[in-house]
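For reference, the chains in residue letters:
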Amino acid sequence: MRFETEEVLDEIRGEVERAERAWRRALGEWHEEGRAAVEAREPDVALLAGVLEGLRRGALVPV
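Residues numbered from 1 in each chain as written. Predicted model: local features only at pLDDT ≥ 70, side-chain atom pairs only at ≥ 80, totals over all residues. Heavy atoms only, no water.

Time to look at a nonpolar patch on the surface. On the surface, a nonpolar cluster with roughly 330 Å² of combined accessible area is contributed by Val8, Leu9, Ile12 and Val16. Of note, Val8 is situated in helix α1 (residues 2-40). The class of Val8 is partly exposed, set by a relative accessible area of 46%. (Patch = residues over 30% accessible without salt bridge, like charges linked within 9 Å, V, L, I, M, F, W, Y side chains within 5 Å. Areas by Shrake-Rupley, 256 points an atom, 1.4 Å probe, with all protein chains shown as cover. Salt bridge = Lys/Arg side-chain N within 4 Å of Asp/Glu carboxyl O. Helix = DSSP H or I, 4+ residues; strand = E, 2+ residues; numbered from the N terminus. Buried < 20%, exposed > 50% of the residue type's maximum accessible area, 1.4 Å probe, protein only.)

Structure representation (structure tokens):
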């Protein structure tokens, strides 16, 4: 019985490790895709101007 339990636990550990590797691989791909999407976007000049103006005035709330 103990041997069978260890065998089953080893199988479960193996599946968990495979799932974790697949998750990390997918996460890395999503990160790369997200970074590429952000870098390809034109900056929102109005938003950036508002942030700069707020920083100049020392305000932390949008104008």
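With that out of the way, let us pick up helix α2 (residues 45-57). Between its first and last C-alpha, α2 extends 18 Å over 13 residues, near the 18 Å set by a 1.5 Å rise per residue. Its side-chain oxygen 3.3 Å from the backbone nitrogen of Ala46, Asp44 forms the N-cap of α2. Just downstream of α2 lies Gly58, where phi reads positive at about 80°. (Expected span 1.5 Å × (residues − 1). Polar contact = N/O pair within 3.5 Å; in protein donor to acceptor, adjacent residues only side chain to side chain.)

Here the focus is the pattern of salt bridges. For the structure shown, the criterion picks out five salt bridges. With a shortest N-O distance of 3.6 Å, Glu53 and Arg56 are connected by a salt bridge. In this pair, Glu53 and Arg56 are both assigned in helix α2, three residues apart and thus about one turn of the helix distant. A salt bridge links Glu53 to Arg57, with the shortest nitrogen-to-oxygen separation between them at 3.2 Å.

Distances and angles like these do not, on their own, reveal function.
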